[in-house]
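# Summary of the model geometry
Read off the chains here:
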Amino acid sequence: MRAIQCVEWGPPEALQLQDVPTPEPGPGDVRVRVLAAGVNFPDVLIVQKKYQRQPPLPFTPGIEFAGEVEAVGEGVQRPRVGDRVVAYSGLGAFAEQAVVPAAQCMPLPPGVEPALAAAFTLVYATSWHALRDRVALQAGETLLVLGAAGGVGLAAVEIAKAIGARVIAAAGSDEKLAICREHGADELLNYEKEDLRGRLKALTQGKGVDVVYDAVGGRFAEPAVRAMGWRGRYAVVGFAAGEIPSIPLNLLLLKGSSLVGVFMGEWAQREPKAFGAGMAELMRWMAEGKLRPHIHRRYPLAEAPQALRDLAERRAVGKLVIEPTR
């Protein structure tokens, strides 16, 4: 089979498309023909040896995918050969076939296109974990989403609206903000043109936001902390800007506020029942039409390096998807 291989640490352009042996599922595993794989920021980091986990070389990147089960290992009752599934694999998705534990597969909802499902798991589970589990966003509260036009950002906008919150979407261009509006954002803030703290003060009548969802980091973090209200909660999701910010802790003290980390992959492994409950709610919301993954572009397998480069340089609005069958 063909697979994208990381044979040395480096930029996306160092990745290679190679012929490799078709993997066989071990006990408890399934082998899936990959129909679509989602592209995520951790994929950009992991090939550069900048992610929290560093697998031995060579390896195939790709965290999530949707496809059709082709073979099952010993002891697997479900899914069965022929079933269509969505899987959170951690690695291995940028290939024509992938092996994953059966327990990490979920049924592909009837009528849902594989590409939409592949664009779903990581970003929506991350945002569900952040908003439902870590900061307990409530109906009627005000949420600020930094990097709202990215994959996790748009997911956060939609999940917050499903909860019943008011959403202020912040992004770096009017074109990106227009997409945020289409996905339910109540207020728009262009942080390349407007003063972040001042605009948030005006939008909240001086009260401040209840929750900040930050997948960007960098220079926007401190003004966002300053724009939180009493008992505000700040969810640290990622650092797309590349710079890990330093937050003056006295700001948290003065506002009685909380700073919490969001590490979806570790949560899914440590608390699989909670992860399953979150995915069940997300799947229900998607079936109800409350969640609509936005696919910016689709790539054949050979163009996976370009997909990672486009994501790294923030040229995507929503999700990028690789389709090995193209």
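For the structure itself, look to the data block above.
Residues numbered from 1 in each chain as written. Predicted model: local features only at pLDDT ≥ 70, side-chain atom pairs only at ≥ 80, totals over all residues. Heavy atoms only, no water.

## Thoughts on the packing of helix α3 (residues 121-134) against helix α10 (residues 272-287)
One can describe the packing of α3 onto α10 by two numbers: an axis separation of 10 Å at closest approach and a directional angle of 110°. With respect to their mutual orientation, α3 and α10 come out roughly perpendicular. Every residue of α10 that contacts α3 at T121, Y124, A125, W128 and R132 is listed here: A274, F275, G278, M279, E281, L282 and W285. (Axes fitted to C-alpha atoms, helices over the stretch in contact; angles between N-to-C directions. Helix = DSSP H or I, 4+ residues; strand = E, 2+ residues; numbered from the N terminus. Parallel < 35°, antiparallel > 145°, perpendicular 65-115°, else oblique. Contact = heavy atoms within 4.5 Å.)

## A look at the sheet that holds strand β9 (residues 166-171)
Within the open sheet, the 6 strands sit side by side as β10-β9-β8-β11-β12-β13. Their pairing is parallel. Unpaired on one side and paired on the other, β10 (187-190) and β13 (258-261) mark the two borders of the sheet. Averaged over all pairs of adjacent strands, the angle between their axes in this sheet comes to 20°, without regard to strand direction. Looking at chain direction, β9 and β10 are connected through 4 bridges and run parallel. When the sheet's bridge partners are listed, A169 is paired in β10 with L188. Here α3 sits on the sheet and contacts β8 (142-146), β11 (209-214), β12 (228-236) and β13; the angle it forms with β11, its principal contact strand, is near 150°. (Pairing = 2+ DSSP bridges.)

## Details of the packing of α3 against helix α4 (residues 151-163)
Remark: α3 packs on α4, axes separated minimally by 8 Å, with the N-to-C direction vectors making an angle of 50°. Taken together, the axes of α3 and α4 are oblique relative to one another. Where α3 crosses over α4, the handedness of that crossing is right-handed. Where α3 approaches α4, its residues V123, Y124, T126, S127, W128, L131 and R132 are matched on the opposing element by G151, V152, A155, A156, E158, I159, A160 and I163. Of the residues assigned to the contact of α3 with α4, the class counts are 10 nonpolar, 3 polar and 2 charged. (Left-handed = near helix turned anticlockwise from the far one by under 90°. Nonpolar A, V, L, I, M, F, W, Y, C, P; charged D, E, K, R; others polar.)

## Description of the nonpolar core
Counting 62 residues, the largest nonpolar core has L131, I159, Y213 and L282 as the members making the most contacts within it. No other element matches α4, which puts 8 residues into this core. Residues in contact with L131, not counting those within four places in the same chain, are A136, L137, L143, A156, I159, A160 and Y213. Counting residues in each nonpolar core, the second largest holds 33 residues, with A37, V44, C105 and Y299 among its members. (Core = buried A, V, L, I, M, F, W, Y, C linked by side-chain atoms within 4.5 Å. Buried < 20%, exposed > 50% of the residue type's maximum accessible area, 1.4 Å probe, protein only.)

## Regarding the pattern of salt bridges
One pass over the full model with this rule turns up 29 salt bridges. As a salt-bridge pair, R31 and E24 come within 3.3 Å of each other at their nearest N and O atoms. Judged by relative accessible area, E24 falls into the exposed class, the value being 59%. With a shortest N-O distance of 3.9 Å, E68 and R84 are connected by a salt bridge. Linking E68 in strand β4 (residues 64-72) with R84 in strand β5 (residues 84-88), this pair joins segments that are 16 residues apart in sequence. The exposure class of E68 is partly exposed, given its relative accessible area of 24%. A single network of salt bridges, built from pairs that share partners, joins E13, R297, E303, R309, D310, E313 and R315. (Salt bridge = Lys/Arg side-chain N within 4 Å of Asp/Glu carboxyl O.)

## Considering the side chain of S173
In this fold, S173 is placed in the loop between β9 and α5 (174-182). Reaching out from S173, the side chain makes a polar contact with the backbone nitrogen of K176 at a distance of 3.1 Å. (Polar contact = N/O pair within 3.5 Å; in protein donor to acceptor, adjacent residues only side chain to side chain.)

## Structural notes on the pairing of β12
For β11 and β12, the ladder comprises 5 bridges, and the chain directions are parallel. Each bridged residue has a counterpart across the sheet, and for V212 the counterpart in β12 is Y234. With respect to chirality, the unit in which β11 leads through helix α7 (residues 221-226) into the neighbouring parallel β12 is right-handed. Relative to β13, β12 is paired through 4 bridges, and the arrangement is parallel. Across the sheet, residue R233 finds its bridge partner in β13, namely S258. (Right-handed = clockwise from strand over helix to strand, strands pointing away.)

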